[in-house]
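The residues making up each chain are set out below.
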Amino acid sequence: KAEDMPFQTRSTPEIIEETTTPEGKGWARYDPNEHKIYINNSEAWNRWKDKAWTKPNVEGVKALPEDQFKSFREFKDFAIEHEMAHANNPTKKGMKKNTPEHAANENKMNEIALESLKEINAKRNRMAEAKRVIRSILRQHKGVENREVRAKLTEELLEDHKEFQNLIEELG
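In short, a report on the structure. Residue numbering note: each chain is counted from 1, following its sequence as written. The model is predicted, so local features are restricted to residues of pLDDT at least 70 and side-chain atom pairs to those at 80 or more, both for listing and for counting; the totals for chains, interfaces and linings are taken over all residues. In computing side-chain values, all of the structure's heavy atoms are included and hydrogens and water are not.

Regarding the overall build of the chain
Helix and strand definitions follow DSSP, with helices as H or I runs of at least four residues and strands as E runs of at least two, each counted in order from the N terminus. Counting its regular elements, the chain contains 5 helices and 3 strands. Starting at the N terminus and walking to the C terminus, you meet the elements of the chain as β-β-β-α-α-α-α-α. Working definition: with a 1.4 Å probe on protein chains only, accessible area under 20% of the residue-type maximum means buried, over 50% means exposed, and in between means partly exposed. With 172 residues in all, the chain has 33% of them scored as buried. Only the protein chains shown count as cover for residues, with accessible areas throughout obtained via the Shrake-Rupley method and a probe of 1.4 Å. A total accessible area of about 11,800 Å² is found for the chain, and carbon and sulfur atoms account for 50% of it.

Some words on the packing of aromatic side chains
Note on aromatic contacts: the rings of Phe and Tyr and the six-membered ring of Trp form a pair at centre separations within 6.5 Å, being stacked when their planes are under 30 degrees apart, edge-to-face when over 60 apart, and tilted otherwise. All chains considered together, the criterion is met by 7 aromatic pairs. Ring geometry for Trp45 and Phe72: centres 5.2 Å apart, planes at 70°, overall edge-to-face. Of this pair, Trp45 sits in helix H1 (residues 41-50) while Phe72 sits in helix H2 (residues 72-88), and the two are 27 residues apart along the sequence. Put simply, the rings of Trp27, Trp48, Trp53, Phe69, Phe75 and Phe78 touch in pairs and so form one group of aromatic residues.

Let's talk about the sheet that holds strand S1 (residues 14-18)
A pair of strands counts as paired when DSSP detects no fewer than two bridges linking them. Taking strand neighbours across the sheet as the criterion, the 3 strands line up as S1-S3-S2 in an open arrangement whose pairing is mixed. The open sheet is flanked by S1 and strand S2 (28-31), the only strands paired with a single partner. Taking each pair of neighbouring strands and ignoring which way they run, the sheet shows an average axis angle of 20°. As defined by bridge partners, S1 adjoins strand S3 (residues 36-40) across 5 bridges and the pair is classed as parallel. Each bridged residue has a counterpart across the sheet, and for Glu17 the counterpart in S3 is Ile39. Every axis in this analysis is a line fitted to C-alpha atoms, fitted for helices over the stretch in contact. Angles between the N-to-C directions lie between 0 and 180 degrees.

Some remarks on a positive patch on the surface
A contiguous patch of positive charge on the surface is contributed by Arg73, Lys131, Arg135 and Arg139. Among the elements that line the positive patch, the one with the most residues is helix H3 (residues 100-140), at 3 residues. Topologically, Arg135 is positioned in helix H3. On the accessibility criterion, Arg135 (49% relative accessible area) is partly exposed. Within the patch definition used here, like charges are joined within 9 Å and nonpolar side chains (Val, Leu, Ile, Met, Phe, Trp, Tyr) within 5 Å, considering only residues with over 30% relative accessible area and no salt bridge. Any carboxyl oxygen of Asp or Glu within 4 Å of a side-chain nitrogen of Lys or Arg constitutes a salt bridge here. A positive count includes Lys and Arg, and a negative count includes Asp and Glu. His and the chain ends are not counted in either. Where a charge lies is defined by one atom per residue type: Lys uses NZ, Arg uses CZ, Asp uses CG and Glu uses CD.

The following block contains the structure:
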């Protein structure tokens, strides 16, 4: 079982997108026996539209601000990261649902997921900036028809272009 594995050796759970959620199961959940995260996209979409994060269904779980998620993708990433937090921080055996201890654990998982989401968004922003620079470089070679010549020019420009190298270093 995943919860018995030391943290260092635990692999990333497989993410399974399902179209129907089994009776009595959550629309986003981590299964420690299978070491898998399940997410129901249509239910995630409904929760996104309903801003479910503003009205937790577990007493004691802190509501998140209405504008916490700027897109459905960001909300879905949060849900997956929340379940990933459960995978990496197994719940104590015997913890009962809808107790103060359970609410505190869910709040902790939300904090971990929000931190992970910041990293994901920062990486996406760095990648978007790098793509903008690359597109700009490619536009400079637009008149060059031969793909091999164009590729060679782009490669040389990338190698010599100090600003690009500095940007890549800044972007991490």
